[in-house]
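What follows is the residue order along each chain.
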Amino acid sequence: MDSLVTKRFKEAKKIYESLGVDVNKALRTFKTIPVSLHCWAGDDIKGFEDLGDVHSENVVTGAYPYPAKTGDELRQDIEKAFSYSPLRHKVNLHSMYAERKSARNDLNIEDFRKWVDWAKVKGYGLDFNTSFFTHPMMDNGNSVTSLKKEVRDYWIKAGIDSRKISLAIGKELNWKCYNNFWFPDGMKDMPANKMLFRTLLKESLDKIFEYKFNKEERKYTADVLEGKLFGISTEAFVVGSHDFYIAYAVKNNIGVTMDLGHYNVGEVISDKISAVAPFVNDIMLHVSRGLHWDSDHVVIQDDQLFEIMREIKRADLWQKVAIGLDFFDSSINRIAEWAIGLRATAKAILASLLEPTELLYKAEQEGDYTRRLYLLDEVKNLPINDIWNYILETKGIAKGLEVIDGIKEYEEEVQAKR
Ligand code: RNT
Ligand code: ZN
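Given the structure is predicted, the values throughout are model-derived calculations rather than measurements.

Participant: Which parts of the structure should I look at to understand the site of ligand 1?
Facilitator: Taken together, the neighbourhood of ligand 1 is formed by Trp40, Asn58, His94, Trp182, Glu226, Lys228, Asp259, His262, His286, Asp294, Asp326 and Phe328. At 2.9 Å, a side-chain N or O of Asp259 approaches an oxygen atom of ligand 1. One nitrogen or oxygen atom from the side chain of His286 is found 3.1 Å from an oxygen atom belonging to ligand 1. Protein contacts shield 99% of the accessible area of ligand 1, which totals 310 Å² for the unbound molecule. The cavity where ligand 1 resides is the largest pocket. When grouped by side-chain class, the residues that make up the shell around ligand 1 number three nonpolar, four polar and five charged.

Take a look at the structure:
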């Protein structure tokens, strides 16, 4: 006897098939698409170093208890979050999560041995970032564009080493490790000499990327540059703006990262992917949700999330666009945050794969924009939840309220008792 979930799945499948959607193929593709979970939401981007009371360039607000304090706690929490997601998982690391007490600019893969071994055992991929922030070597919020040569050199070395770490991780896991570069460098108020800072950024990047990965190495790692519009304390000027990085990336055969919160309100990533994809090898997404600004709210099922996944699906860019999450809200349970964001992202991916894209393309090619608009809106109500629940049930993953009840129980039984 079929369960209710299976019955509903079979019905839904028929509905999709009547629109020309190959549901089995969509389910197969779904299993192949990785999503990288940002480890840093688990402890409000604190990391494991003993640096004392050092200024942080990342703003995280809220006073919810139970941030993870050690690598073991953070990994346990990540596993808990993953237990609610049917996706293929990667974990996005920052260099501040090294578990040997090495200097930030003197790291190698062995400083991340526990992470790598854990990922191997669990079948996760890993991505990497150098933490160019929250550190005594930051010069008034600046790293590779500081006017002090010793500061620039310190961070350049960290950047060079990070590329070796990413490559080593990618090789060891046999899974491409994206190495993201985000520098908070900028100014609270208008600089007089913008050109100087941009020139310093170019010179520093030229040193970091002096070594060119060969074709074989590019299977295991990709460098991606994350631009930004402004930050708290860099309201007037961010050295690494989008224009800068797109130009730099194209010229130097590097990739870019697009964070949903890093653009002017009204600018959408879903419109940028097809504009940038023809010119760069790799695009990484930092899927986030900015309310009015780069507020990094937890990702939920909003229109932009679905639109982004549809863009990737329609252009068949799953190989070129790597999906990573980036949000943090320490006013709610951090594991719930991750689970909500992962599930929303998974659903948006699934919805895109189940979209009757051929029908839309056909209407458009025939110049029938009336039909195209009708279809665009009509498909929003297809029974995706019946397919979703079937995926969860076959994988033994909690559904509905079981998710939040399970997380609450974990909070009481595990997090509160640490
Ligand atoms: C900051 C960027 C960056 C960070 C992480 C911690 O505005 O979004 O990606 O969130 O590297
Ligand atoms: Zn980001």
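We are not done yet, so read on.
Participant: Explanation requested: a positive patch on the surface in the structure shown.
Facilitator: Together, Lys25, Arg28, Lys31 and Lys395 make up a region of like positive charge exposed at the surface. For the positive patch, the element with the most residues is helix α2 (residues 23–32), which contributes three residues. Mapped onto the fold, Lys395 is located in helix α13 (residues 384–395).

Participant: Sorry if this is basic, but what is going on with the pattern of salt bridges here?
Facilitator: Opposite charge on two side chains lets them pair, provided their charged atoms get close. One pass over the full model with this rule turns up 35 salt bridges. One salt bridge connects Lys164 with Asp161, and the closest N-O pair in it is separated by 3.9 Å. With Lys164 and Asp161 both in helix α5 (residues 149–173), this residue pair falls three residues apart, about one helical turn. On the basis of relative accessibility, which here comes to 54%, the residue Lys164 falls in the exposed class.

Participant: I tried to follow the coordination of the zinc ion (ligand 2) on my own but got confused; where do I start?
Facilitator: By definition of the ideal shapes, a tetrahedral metal site with four donors has angles of 109.5 degrees and an octahedral site with six donors has angles of 90 or 180 degrees. Coordination sphere of the zinc ion (ligand 2), protein contribution only: Glu226 (OE), Asp259 (OD), His286 (ND1) and Asp326 (OD), at 2.1 to 2.2 Å. Coordination geometry of the zinc ion (ligand 2): the six donor atoms subtend angles of 71 to 171 degrees at the metal centre, consistent with an arrangement described as octahedral. Coordination of the zinc ion (ligand 2) draws on donor residues from a single chain, spaced E-x32-D-x26-H-x39-D in sequence. Of this pair, Asp259 sits in strand β8 (residues 255–259) while His286 sits in strand β9 (residues 283–287), placing them 27 residues apart in sequence. Exposure remark for His286: the relative accessible area of 1% places this residue in the buried category.

Participant: What is the right way to look at the side chain of Ser85 in this model?
Facilitator: Position of Ser85 among the secondary structure elements: in the loop between α3 (71–82) and β2 (88–92). For Ser85, a relative accessible area of 4% puts it in the buried group. Here Leu87 takes part through its backbone nitrogen, which lies 3.1 Å from a polar atom of the side chain of Ser85. Among the polar contacts made by the side chain of Ser85, one reaches the side chain of His89 at a distance of 2.6 Å. Discounting chain neighbours no more than four positions away, the residues touching Ser85 are Leu342 and Ile397.

What counts and how
Residues numbered from 1 in each chain as written. Chains lettered and ligands numbered in written order. Predicted model: local features only at pLDDT ≥ 70, side-chain atom pairs only at ≥ 80, totals over all residues. Heavy atoms only, no water. Near = heavy atom within 4 Å. Polar contact = N/O pair within 3.5 Å; in protein donor to acceptor, adjacent residues only side chain to side chain. Areas by Shrake-Rupley, 256 points an atom, 1.4 Å probe, with all protein chains shown as cover. 1 Å grid on protein atoms, 1.4 Å probe; cavity = no way out; pocket = protein on both sides within 12 Å on 5 of 7 lines; lining within 4 Å. Sits in = over half its atoms within 2 Å of the grid points. Nonpolar A, V, L, I, M, F, W, Y, C, P; charged D, E, K, R; others polar. Patch = residues over 30% accessible without salt bridge, like charges linked within 9 Å, V, L, I, M, F, W, Y side chains within 5 Å. Salt bridge = Lys/Arg side-chain N within 4 Å of Asp/Glu carboxyl O. Lys, Arg positive; Asp, Glu negative; His and termini not counted. Charge placed at Lys NZ, Arg CZ, Asp CG, Glu CD. Helix = DSSP H or I, 4+ residues; strand = E, 2+ residues; numbered from the N terminus. Buried < 20%, exposed > 50% of the residue type's maximum accessible area, 1.4 Å probe, protein only. Donors = N, O, S within 2.8 Å, 3.2 Å for Na, K, Ca; no water. Tetrahedral: all angles 85-135°; square planar, octahedral: opposite > 155°, others 65-115°. Contact = heavy atoms within 4.5 Å.

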